[in-house]
Amino acid sequence: MSKTITLEDTISAVATALGEGSVGIIRISGSEALAVGEALFKAASGKPLGAYPVNTLVYGHVYDQDGSLVDEVLAVYMRAPRSYTAEDVVELQCHGGVQALKKLLQLTYAAGARPAEPGEFTKRAFLNGRIDLTQAEAVMDIIRSRSEAGLKLAARQQQGQLAGELRSIRKSLVDVIVNLEAVIDYPEEDIEDVTYGAVQENIGGAVSKIEGLLAHAHTGKILREGLRTAIVGRPNVGKSSLLNALLREERAIVSQYAGTTRDVIEEQLLLDGVPLVLADTAGIRSTDDFVEKIGVEKSRRLLQDSELVICVIDGSAGLTAEDEAILEAAEGKPCVIIVNKSDLELAVDIEALRQRFGADKVMMLSAKTLSGIEEFSAWLKNYVYGSEGTLGDGVYIQNARQERLLREGLQALEDAAQAAENMLPYDCIVIDVRTAIELLGEITGDTVQDEIINEIFSRFCIGK
């Protein structure tokens, strides 16, 4: 896809959140941005906006078509390519009331602009070659960041960290193809032959880098979207008490009667910087109560669909058949076993649980006294970030789209390496390596199709 496309229409939108605020911004982008801006804005000096140096805030007013005053504003003109979209851009900063912004926006339409589509400003920045697709996706990650770590990661991607790593891998793979095709096309020339061993070595280097990126895939996804976590267990083991302890507030009803929680309670929180989408489920058990039965079925589905399962057991009572059924359902899924009520006499075989699930995945805790909460938080950070327990300086992928393309690219390279090991014709190796290059290019946008671009930017907010 060409990166020099400049869309012909001039577009405009509100670039700030609608609502009451001190300042609101109207953004106009396109070849007629200055003309549209000057049709609305009159500088206090009487000079046209284009007479001022670019990137200079100019004080003035916006007038309606009948000459009546609309608002007192500041205007700035940014000339292509030194703007967010790499096109001519005019921004009008007015008072942040909804009516003032709506009126100014209507006037831009009357002057020749059209309404911007969701993400169209960032889409133009991509199409005009100012940013790549990973940087574009990072823009929305910055806006939607749920934690400081998520913001830090998105800011890195917006600076092109991931794209730089991927382009380095692609370049090494292009070198493999160039050397192979030279041997294929000019066998009679005095060209240093490319051995199958050298091909395997070069492909192996790319494979290692991709595997390194995939090893941190869940970290980027969690920081971007939050870790979908289900608290499960039989009734009255302390699930709601644990939710309240993590939230540091009485969010869920707690009582000594089984079946108090009859539906899923979902909350979002930051636990030591890790964004969680935390669901307290109805106690899983056999019941004849119609409403509770619905809650139990929802709990079972949530257990299967969650990215992390917190199984809560009453440590003061022995394991029951209901406990065992829940533990069996959690096996094979990312899970942690919380033995609750550690402030009471222990009646559960902790060592047997640790041998079954792993020593690091079984911990004692008291939701009543908050003993063990810090240890759980530390475990969670290690689960998200790895053994360092914090966001490292490495390169992270951002979303499921990037992960899928990386895994497909990795498979193509593994096929190429296998072809080299079996000494198949060079052409077979070239096909697989070229496939990997195309897939990696889809991540950065170098080889992506128009419909994929449209789908990605349709998820953006209008005005960005």
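Residues numbered from 1 in each chain as written. Predicted model: local features only at pLDDT ≥ 70, side-chain atom pairs only at ≥ 80, totals over all residues. Heavy atoms only, no water.

Novice: Could you give an account of the packing of aromatic side chains, with specific residues and numbers?
Specialist: For any pair of aromatic rings, the description rests on two quantities: the centre-to-centre distance and the angle between the ring planes. This structure, assessed with the given rule, holds five aromatic pairs. Seen from their ring centres, Phe376 and Trp379 are 6.3 Å apart, and the 15 degrees between their planes marks the pair as stacked. Residue Phe376 and its partner Trp379 are located together in helix α13 (residues 373-385), separated by three residues, close to a single helical turn. Comparing Phe376 with Trp379 shows no difference in burial state: the two are buried. Plain terms: the ring middles of Phe457 and Phe460 are 5.2 Å apart, the flat faces sit at 45 degrees to each other, and that makes the pair tilted. Residue Phe457 is classed as buried on the basis of its relative accessible area, which comes to 1%. (Phe/Tyr/Trp six-rings, centres within 6.5 Å; stacked < 30°, edge-to-face > 60°. Helix = DSSP H or I, 4+ residues; strand = E, 2+ residues; numbered from the N terminus. Buried < 20%, exposed > 50% of the residue type's maximum accessible area, 1.4 Å probe, protein only.)

Novice: Which residues make up the pattern of salt bridges, and what are the values?
Specialist: In total, this model carries 19 salt bridges according to the counting rule given. For Lys341, the salt bridge is made with Asp314, and the minimal N-O distance between the two is 3.2 Å. Taken together, the residues Lys341 in the loop between β12 (335-340) and α12 (350-357) and Asp314 in strand β11 (residues 308-314) connect sequence positions 27 residues apart. Taking relative accessible area as the criterion, Lys341 reaches 23% and is therefore assigned partly exposed. For the salt bridge of Arg404 with Glu408, the shortest nitrogen-to-oxygen distance reads 3.4 Å. (Salt bridge = Lys/Arg side-chain N within 4 Å of Asp/Glu carboxyl O.)

Novice: Break down the sheet that holds strand β5 (residues 69-78) for me, citing the residues and quoting the values.
Specialist: Taken together, seven strands build an open sheet; the order of strands is β3-β4-β5-β6-β2-β1-β7 and the sheet is mixed. Where the open sheet ends on each side, the last strands, each with one partner, are β3 (41-43) and β7 (114-115). The strands touched by helix α2 (residues 98-110) within the sheet are β1 (11-14), β2 (24-29), β4 (58-63), β5, β6 (89-94) and β7, with β2 carrying the most contacts at an inclination of about 15 degrees. Seen against the sheet, helix α3 (residues 120-127) touches β1, β2 and β7 and runs at an angle of roughly 135 degrees to β1. (Pairing = 2+ DSSP bridges. Contact = heavy atoms within 4.5 Å. Axes fitted to C-alpha atoms, helices over the stretch in contact; angles between N-to-C directions.)

Novice: Summarise the pairing of β6; cite the residues concerned and give the values.
Specialist: Where burial is concerned, most of β6 is hidden: five out of the six residues are buried. Across six bridges, β2 lies against β6 in antiparallel orientation. Residue pairing across strands places Ile26 opposite Leu92, the latter belonging to β6. Pairing geometry for β5 and β6, over five bridges, is antiparallel.

Novice: Tell me about empty space enclosed by the protein, and name the residues and values.
Specialist: Tallied over the full model, the rule gives two cavities of 30 Å³ or more. Taken as a whole, the largest cavity encloses approximately 80 Å³ of empty space. In terms of lining, the largest cavity is formed by Asp141, Ser145, Gly150, Leu153, Ala154, Gly220, Leu223, Arg224, Ile397 and Gln398. For the lining of the largest cavity, the elements supplying multiple residues, two or more each, are α5 (148-158) and α8 (217-225). For the lining of the largest cavity, the residue count by class is four nonpolar, four polar and two charged. Its boundaries defined by the atoms lining it, the second largest cavity holds a volume of some 30 Å³. If you trace the second largest cavity, you find it lined by Gly233, Arg234, Cys311, Val312, Ile313, Asp323, Ile326 and Leu327. If you list the elements that add at least two residues to the lining of the second largest cavity, you get β11 and α11 (321-330). Looking at the lining of the second largest cavity, its residues break down into five nonpolar, one polar and two charged. (1 Å grid on protein atoms, 1.4 Å probe; cavity = no way out; pocket = protein on both sides within 12 Å on 5 of 7 lines; lining within 4 Å. Points joined across faces, edges and corners; volume = space filled by probe spheres on them. Nonpolar A, V, L, I, M, F, W, Y, C, P; charged D, E, K, R; others polar.)

Don't take any of this as a statement about function, it's just geometry.
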